Amino acid sequence: IRNFDSSEKGNLINNNIHAMIFGDKNEILIGHDKGFSVYDKESSKTKNLLENMPVWSIEKDEKYYYLGTKNNGLFIFDKNFKLIKNLVFSEIIEN
């Protein structure tokens, strides 16, 4: 267990966590009020993505990670955390 100070550079940028799962490469994926963070357990480094977009849910399958946000739709990332697509609610309903 580790306590993160959100004011320190390279740490988790927010402590109000909504979702957390284990990734496929020994990392922890965290959805919080300020976005999405990937914590690499081996290097103890944190990569912050989707800053200022609250992430409320995280799911995965064999190819992708799916991030549900509060107001910005669904984000799909590959296993290297490259953004594949952002689906907004109107696109999901039409398809």
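This text follows the structure it describes.
Let me sum up the structure you'll find in this document. (Residues numbered from 1 in each chain as written. Predicted model: local features only at pLDDT ≥ 70, side-chain atom pairs only at ≥ 80, totals over all residues. Heavy atoms only, no water.)

On to the packing of aromatic side chains. Given two aromatic rings, one states the distance between the centres and the angle between the planes to describe the pair. Overall, the coordinates contain four aromatic pairs when judged by the stated rule. Residues F36 and F77 carry aromatic rings whose centres are separated by 5.9 Å and whose planes lie at 35° to one another, so their mutual orientation is tilted. Of this pair, F36 sits in strand β3 (residues 35–40) while F77 sits in strand β7 (residues 74–78), placing them 41 residues apart in sequence. Here the two residues F36 and F77 agree in accessibility, since each one is buried. An angle of 70° between the planes, with centres 6.4 Å apart, marks the rings of Y64 and Y66 as edge-to-face. On the basis of relative accessibility, which here comes to 23%, the residue Y64 falls in the partly exposed class. One aromatic cluster in this structure is built from F36, Y65, F77 and F81. A cation sits over an aromatic face here: K79 above Y65, 4.4 Å from the ring centre. (Phe/Tyr/Trp six-rings, centres within 6.5 Å; stacked < 30°, edge-to-face > 60°. Helix = DSSP H or I, 4+ residues; strand = E, 2+ residues; numbered from the N terminus. Buried < 20%, exposed > 50% of the residue type's maximum accessible area, 1.4 Å probe, protein only. Lys NZ or Arg CZ within 6 Å of the ring centre and 35° of its normal.)

Looking at chain direction, strand β5 (residues 55–60) and strand β6 (residues 64–69) are connected through five bridges and run antiparallel. Pairing of I58 across the sheet is with L67, part of β6. Linking β5 to β6, which pair antiparallel, is a turn of three residues. (Pairing = 2+ DSSP bridges.)

Time to look at the nonpolar core. Grouped together as the largest cluster of nonpolar side chains are 13 residues, with contacts concentrated most on F36, L50, I58, L67, F77 and F81. Elements with a minimum of two residues in this core: β3, β5, β6 and β7. Contact partners of L50, with chain neighbours within four places excluded, come to K34, G35, F36, V55, L67, F75 and F77. (Core = buried A, V, L, I, M, F, W, Y, C linked by side-chain atoms within 4.5 Å. Contact = heavy atoms within 4.5 Å.)

Once that is clear, we can look at the environment of F77. Residue F77 is classed as buried on the basis of its relative accessible area of 4%. A C-alpha to C-alpha distance of 5.6 Å links F77 and Y64, two positions 13 residues apart in sequence. Non-local contacts of F77, meaning those with residues more than four positions away in its chain, are made with L49, L50, K63, Y64, Y65, L67, K82, L83 and I84.

For the rest of this paragraph, the subject is the sheet that holds β6. Strand pairs in the sheet, formed through backbone hydrogen bonds, run parallel or antiparallel to each other. Here four strands make up an open sheet; going across it, the order is β5-β6-β7-β8 and the pairing antiparallel. Two strands in the sheet have a free side with no partner beyond their single neighbour: β5 and β8 (83–87). In this sheet, neighbouring strand axes are inclined to one another by 20° on average, regardless of whether the strands run parallel or antiparallel. Sheet topology places β6 next to β7; five bridges connect them, and they run antiparallel. Within the sheet, the bridge partner assigned to G68 lies in β7 and is L74. (Axes fitted to C-alpha atoms, helices over the stretch in contact; angles between N-to-C directions.)

What follows concerns the pattern of salt bridges. Applying the stated criterion across every chain, the model contains two salt bridges. Taking the shortest distance from any N to any O, the salt bridge between D24 and K79 comes out at 2.3 Å. Of this pair, D24 sits in the loop between β1 (17–22) and β2 (27–32) while K79 sits in the loop between β7 and β8; the two residues are 55 residues apart in sequence, bridging distant segments of the chain. Residue class for K79 comes out buried when judged on its relative accessible area of 12%. Salt bridges linked by common partners bring D24, K60 and K79 together as one network. (Salt bridge = Lys/Arg side-chain N within 4 Å of Asp/Glu carboxyl O.)

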